[in-house]
Amino acid sequence: MSGGNLIINSLDRDQDTGIYQCTAFNTWGIILSCRATLQFAYLDNFKTQTARSAVNVREGQGVVLLCGPPMHSGELTFAWIFNEYPYFVQQDSRRFISQETGSLYIAKVEPSDVGNYTCVVNNSITKGKVLSSPTPLVLRNDGAMGEYEPKIEVNFPDTVPAAKGSTVKLECFALGNPVPEISWRRTSGVPFPSKVKMKNSNAVLEIPHFQQEDTGMYECVAENSRGKNAARGRIAFQAKPHWLQTMIDGALSIEENLFWECKANGKPKPSYSWLRNGDNLMAEGRVQIENGALSIAALNLSDAGMYQCVAENKHGIIYSSAELMVLASPPSFSKNPLKPLLKARSGSEVVLECKPQASPRAISLWKKTQNLCYLSPRITLLANGTLKIVNATRRDAGSYTCIAKNQFGTASATGRLLITEPTRITQRPANMEIIVGESIVLPCQIASDPALDVSFSWEFNGQLIDFHGDADHFDRVGGSISGDLMIRNIQLNHGGKYVCVIDTDVESLSASAILVSGPPGPPDTVAVEEITDSTAQLSWSPGRDNGSPITGYIIQARTPFTVGWQAVDTVPEVINGNTLTATVVGLNAWVEYEFRVVARNSVGMGEPSPASAKTRTEDTMPDTAPTDVGGGGGTKSELVITWEPVPEELQNGEGFGYIIAFRPLGAITWTRVVISTPGVARYIFRNDTIPPFSPFDVKVGAYNNRGEGPFSSIATVFSAEEVPLARIKLLVSDISTSCCFLSIGKVRTSGNYSAVNVTGLSANTQYYLAVCAFNTAGTGPQSTHINATTKKPAPGQPPLNVEWTMIGSLLTLHWGPVIAMETEAEVIGYLVLLRRHRYNDVNSIITNKTRMELTLSPNDNYLIQIKALSEGGEGVGSEPIHIHKLSTFAISSLSPLLSLCSLMKL
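What counts and what doesn't
Sequence order as written defines the numbering, with residues in each chain counted from 1. Confidence filtering applies because this is a predicted model: local features only for residues at pLDDT of at least 70, side-chain atom pairs given and counted only at 80 or more, and all residues used for totals across whole chains, interfaces and linings. Only hydrogens and water are removed before side-chain values are computed, so all heavy atoms of the structure are retained for them. Two strands are said to pair when DSSP picks up at least two bridges between them. Think of it this way: any DSSP run of H or I at least four residues long counts as a helix, any run of E at least two long counts as a strand, and we number them from the N terminus. Axis angles are defined between N-to-C directions and span 0 to 180 degrees, where every axis is a line fitted to C-alpha atoms and, for a helix, only to the segment in contact. Only rings of Phe, Tyr and Trp enter the pairing, Trp through its six-membered ring, and a pair is recorded when the two centres are within 6.5 Å. The plane angle decides the type: under 30 degrees is stacked, over 60 is edge-to-face, the rest tilted. Each residue gets one of three labels from its accessible area relative to the maximum for its type: buried under 20%, exposed over 50%, partly exposed in between, using a 1.4 Å probe on protein chains only. Disulfide assignment relies on a single distance test, namely cysteine sulfur atoms paired within 2.5 Å.

## Re the sheet that holds strand 50 (residues 484–487)
Turning to step 1, where the next piece is worked out: In space, the three strands of this open sheet follow the order 45-50-49, with antiparallel pairing throughout. Looking along the sheet, the strands with just one partner apiece sit at the ends: strand 45 (440–442) and strand 49 (474–477). When the angles between neighbouring strand axes are averaged without regard to direction, this sheet yields 30°.
Turning to step 2, where the next piece is worked out: Strand direction decides the pairing type here: strand 45 and strand 50, joined by three bridges, are antiparallel. Bridge pairing links L442 to L485 in strand 50.

## Looking at the packing of aromatic side chains
Turning to step 1, where the next piece is worked out: Scanning all chains against the criterion turns up 18 aromatic pairs.
Turning to step 2, where the next piece is worked out: Look at F210 and F237: their rings are 6.2 Å apart centre to centre, the planes differ by 20°, and that puts the pair in the stacked class. You can see F210 sitting in the loop between strand 21 (204–207) and strand 22 (216–224) and its partner F237 sitting in strand 23 (residues 227–245), a full 27 residues away along the chain.
Turning to step 3, where the next piece is worked out: With centroids separated by 5.3 Å and ring planes inclined at 85°, the aromatic side chains of F656 and Y658 adopt a geometry described as edge-to-face.
Turning to step 4, where the next piece is worked out: The class for F656 is buried, based on a relative accessible area of 4%.
Turning to step 5, where the next piece is worked out: When its relative accessible area of 0% is taken as the criterion, Y658 is described as buried.

## Here's the deal with the sheet that holds strand 17 (residues 168–171)
Turning to step 1, where the next piece is worked out: Reading across from one edge, 17-21-20 is the order of the three strands in this open sheet, with antiparallel pairing throughout. The open sheet has two edge strands with one neighbour each: strand 17 and strand 20 (197–199). Shown here is a sheet whose adjacent strand axes are inclined to one another by a mean of 20°, direction ignored.

## So, the state of the cysteines
Turning to step 1, where the next piece is worked out: Scanning all chains against the criterion turns up five disulfides.
Turning to step 2, where the next piece is worked out: Linked covalently through their sulfurs, C262 and C309 form a disulfide whose S-S length is 1.8 Å. Taking the sign of the torsion about the S-S bond as the criterion, the disulfide between C262 and C309, at about 40°, is right-handed. Of this pair, C262 sits in the loop between strand 25 (258–261) and strand 26 (263–267) while C309 sits in strand 31 (residues 305–313), and the two are 47 residues apart along the sequence. Residue C262 shares its accessibility class with C309, and that shared class is buried.

Read these as spatial facts, not as claims about activity.
Encoded structure:
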């Protein structure tokens, strides 16, 4: 022994192997340490060194060479020598050395495998090494073995216990021809975490730092072209015990009851035992033990000592220790005497405590002056010895003595009770609005019992006013019954809540007033505590309320995509003045936000807080589909698709792009195309098999690095049109001096016309005309050319020598014939135009003579004009003839000169 250490020299495996514990003791008791196990690592030689029997196999057959390690202690590792040292067997998909059994497994024997095999066993602790006798592997001469399905020779138990934090290794290897491939999976479908490693061509599955979430059913699958086979096993989580609850030192009086409970967690569930002063504690009589709970009834002095709770499973053992003191003493008031003088307000509740130290607990009696206290509905004795007086009066004043007794002795203590009159506030401070620069006095005056000591203090917005530190503005005025507060040279920051606090020996009173100055100051320290793809949890600290309590807050946000600050939705929807946290909802994913907070009170809205640090919401898959999906047009064999791009603030993350889906109208299968450029708004699909002007179902979706978002609604888009191929039949009719009318044969195209007027042509001129159809794809072939000659123009000479005779209502007209020139169209008749005065309707009368009779109303005025008619149209009109209703008998002849004179008369 060296202090508390145990030193063992010249260790002997047989004599010193075992479990050790240290015992610590003093006058208060004994406790045991945790257990320490001493083991010795060793590795014996193989029992026999004679040659092992040969193993005969066919080519293509699988084989297992057993190692059979000797007696040992400590972890072993295995290797195999092929023929002679230092040629070791190299593991691959065909050869595997199990570190559980040491055996060598060859899935499919090849001629190169023939030879002698020696098992090498290493002790990882002692570093010792032993070799087995060689095992010859001989190839049979009866031909190669055919192919066969895998046969699993190395697998793991149905249940594999694994301690928390340990490294778990599962082995799986199969014989087969062809050589099987090994794969692993969890039957739950949960993928392996990155820490899981596959080694030795997947023959070993290694799980480091094993945790609860690694438990479950694991499956090894061996497969080749002839079939497959599988092995399953469950890894069960195990852990050494750890404490959830331990006991603490206790000091209990004699005859009291003890209850201690300890709780531990572990896999398997730990068992419990109890020790007292190093010895096992058994349940009997007053002592009861149930799992981790210990109870001892009616303690006596022999129960004192050191106790230990022990929790144990196969992975470990833990100890929790505590001291139990059992007390036995007479009553004593040395540490808890009665107050010499207790003051109480009339009408209040008075509590006189009697708390002597005593083990076991003492029984208490009370005396007032020299007489026992008589109990009543107003005066009661509590179980702990306290005397309670309700609605105290002056008659209850006097000296009180508490007498305490137990089996070890008696003690007493005396104190005096003084009943005083209640204190009243006679003048309170009042609410007011402040004016900067003025001085005010807030009154606070009382009436109190002379026996009481009184003190005044003032609080401003919940903080005690320091009259020494802020003497420039705050001062006390008044006497012993007055605590008036003077505020000099008042400023805006003096707005707020002022409380006068009156403390006496028996009670505390207060009166408050609010000085109003304006809206709240800006909040401070706006911080983003947590952020998701659509929410942000904010916190802030309040600013000054400036004399009026803050009644609420609003939160504003801005992004690179907004114009200025905008109010946002929150939870809670309405943020009251006592709340300093809120969650902003309805945010866009993958957008950088700034937040600020604005406070309000009864005066109005205050200034906003400084902006929070810029914080980006988390990304998520898109939730907005592109809009205005359409398209059409393009060139032959093209389908043109267009859409309105999704704004950047709605793209929800990096790697944003579009998914274009289309199919012929009525088809089932969609063709999908991915476009990785966010700003693109057009896609052209080219394929020689696309029919012209054919309808397609089209929809456009969005995606980013987090996944695909929704698609737009389906739109119908036509493929590109083809250039019209049909030649058009052209007809020309109604040719005049300056226009002609074209009649076109019907062609199956959309929105076309079959006739058109061509104007602006020259008279008496020959034209060549052709027509072709066109659409968005281009122009079709022209029709056969047609030549057309416009007609000669109408005569340029007006009818002359116009004469008229009016008898009653009969008008007779005469005019000279119009002779056309060689370049003018011949005259084929005349047009007489008749219009009544103040009327817009015109009567047209055609004649092939130079004379006409008209019957007119005698009550109207008329205007008459004559024109020559030809194939070239109407000629120049004559001078207008005005016929008045008074001309019941008149004769007139119009030469050019006479016509002008007549017109001037009229």
